[in-house]
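Chain residues, written in single-letter form:
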Amino acid sequence: MQTDFDDIRAYEGEELPAVLGQIMSHPTVRGLLEKIHLPIPEPPYTDAEGQLLIPFLDFLAHTTTQGIELINEQYRPAGKGIYLTNHRNIILDTAFLSLLLYKQGAERPYIGIGNNLYAEPWIEHLVRACKAFTVIRGGSPKELLTHAQHLSAYINMLLAGNHPIWLAQREGRAKDSNDRTATAVLKMLTMAGEGNFLQRVENLNICPVAISYEYDPCDYLKAKEMQLKRDHPDYRKSTQDDVENMKTDMTGFKGHVAYTLTPSINKELAAIAAATTVKNEQVEAVAKLIDRHIHTHYKIYPTNEKALDILQGGSNDFETYIERQIEKIDIEQKDTAFLREKLLYMYANPLINQQDALRKASL
């Protein structure tokens, strides 16, 4: 298959047997499957989902969570649409959603993954064989613009083929769980397409999804990164740091996990068009609309409530968990008070944002 998007697109059709054969023969992949006692698929390799992805995700769901659930299934887009979600877990945000949709007989979405996560070539081949396309990170301003235009054209081509897509609402995880849609994502998505900005947004059929984790296995790593960035403004994670975060995200305990689908934003775009004709104001309004969908639909767990209670001066058993996570952080000049506050806000912010969104909705 030759297309204009060979550098970023997911592998398709006749390419899959050869690519999957290469992946299945990789010693790291075979070693991982043996370690977790999953059968190593044998040729012919034709189905990345059934032969590798779904069994592996089933294993992770059963061993690292107390259950994953899909709420408001009725809002699943029929055909094309973008599942735009908040971002907590590097790999599993989209992987668990894919698992839930697959088990309901729905088409799994194509997923956008940053090339900064391709620590080894086999990782890129594996994810692109499982319907992932590449979001190229880094480069000069001119290169970033070219990448964004290229990506937008590919996404709009997938939508024209009536396919669903998953994207995070921003680049990278929200370390403090204060989820906000990046206007840059909306501008990228609407570079391609026909009509004005809001008409292009309507064609995307954005269906926001609120992802809620009872526990974030990388919470202490995120807090550590926050202090490092505070103390060293030029600090950047290394490739090894990314690998450590991905491993912890996948294998760490998450408690309960919920994906709450929300309606397409399309019916609410007319109000934005009536309120302003200034494009930048429309972009901001669409971002806030998506945020409202996500914030009002979080599933709130006791961890969220207890964290907010502590921040408001209360005391409860969640303090023990926070102290235990702080103990895991190995860093020079460790600022325990700073780390404690950041960890508490990671769990409290979804509830804070939900309360704020519901209060504004009632006005």
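Quick note: structure is the one above.
In this text, all values refer to a predicted model and were calculated from it rather than measured experimentally.

Here we look at the nonpolar core
Counting residues in hydrophobic clusters, the biggest one holds 51 residues, and the most contacted among them are Phe96 and Tyr259. Of the residues forming this core, the biggest block, 8 residues, is contributed by helix α3 (residues 48-64). With sequence-adjacent residues up to four places away left out, Tyr259 is seen in contact with Glu69, Leu70, Ile71, Leu92, Asp93, Phe96, Leu97, Leu100, Val209, Ala210, Ile211 and Tyr213.

Details of the pattern of salt bridges
Overall, the coordinates contain 21 salt bridges when judged by the stated rule. Residue Glu49 is joined to Arg108 by a salt bridge in which the shortest nitrogen-to-oxygen separation is 2.7 Å. Of the two residues, Glu49 is situated in helix α3 and Arg108 in the loop between α4 (92-103) and β3 (110-114); the sequence distance between them amounts to 59 residues. Measuring nitrogen to oxygen at the nearest pair gives 2.7 Å for the salt bridge that ties Asp179 to Arg88.

Structural notes on unusual backbone geometry
The omega torsion across Pro43 and Pro44 is 5 degrees, close enough to zero to call that bond cis. Within the element layout of this structure, Pro44 appears in the loop between α2 (27-35) and α3. The phi dihedral of Lys131 is positive, around 70 degrees, even though this residue is not glycine. Relative to the helices and strands, Lys131 resides in the loop between α5 (121-129) and β4 (132-135). Lys131 gets classed as buried once you look at its relative accessible area, which sits at 15%. Non-glycine residue Asn205 carries a positive phi angle of around 50 degrees. Mapped onto the secondary structure, Asn205 falls in the loop between α8 (197-204) and β6 (206-213).

Concerning the side chain of Arg9
Take Arg9: it is sitting in the segment before α1 (16-24). By relative accessible area, which is 5% here, Arg9 ends up buried. Within the local environment of Arg9, its side chain forms a polar contact with the side chain of Asp6, the two groups lying 2.8 Å apart. In this structure the side chain of Arg9 is engaged in a polar contact, spanning 2.7 Å, whose partner is the side chain of Glu15.

Re the packing of aromatic side chains
Scanning the entire structure with this criterion turns up 7 aromatic pairs. Between Phe133 and Tyr154, the ring centres sit 5.4 Å apart and the planes meet at 70 degrees, which makes this aromatic pair edge-to-face. In this pair, Phe133 sits in strand β4 while Tyr154 sits in helix α6 (residues 141-160), placing the two residues 21 residues apart along the sequence. Phe133 sits in the buried class, given a relative accessible area of 0%.

Here we look at the sheet that holds strand β7 (residues 257-261)
Read across the sheet, 7 strands follow the order β1-β7-β6-β2-β5-β3-β4 without closing on themselves; strand pairing throughout is mixed. Strand pairing shows two members of the sheet lacking a second neighbour, β1 (68-71) and β4, which therefore form its edges. The mean inter-strand angle of the sheet, taken between neighbouring strand axes irrespective of direction, is 25 degrees. Along the sheet, α4 contacts β1, β2 (81-85), β3, β5 (164-168), β6 and β7; its crossing angle with β1, the most-contacted strand, is approximately 70 degrees.

Parameters at a glance
Residues numbered from 1 in each chain as written. Predicted model: local features only at pLDDT ≥ 70, side-chain atom pairs only at ≥ 80, totals over all residues. Heavy atoms only, no water. Core = buried A, V, L, I, M, F, W, Y, C linked by side-chain atoms within 4.5 Å. Buried < 20%, exposed > 50% of the residue type's maximum accessible area, 1.4 Å probe, protein only. Helix = DSSP H or I, 4+ residues; strand = E, 2+ residues; numbered from the N terminus. Contact = heavy atoms within 4.5 Å. Salt bridge = Lys/Arg side-chain N within 4 Å of Asp/Glu carboxyl O. Polar contact = N/O pair within 3.5 Å; in protein donor to acceptor, adjacent residues only side chain to side chain. Phe/Tyr/Trp six-rings, centres within 6.5 Å; stacked < 30°, edge-to-face > 60°. Pairing = 2+ DSSP bridges. Axes fitted to C-alpha atoms, helices over the stretch in contact; angles between N-to-C directions.

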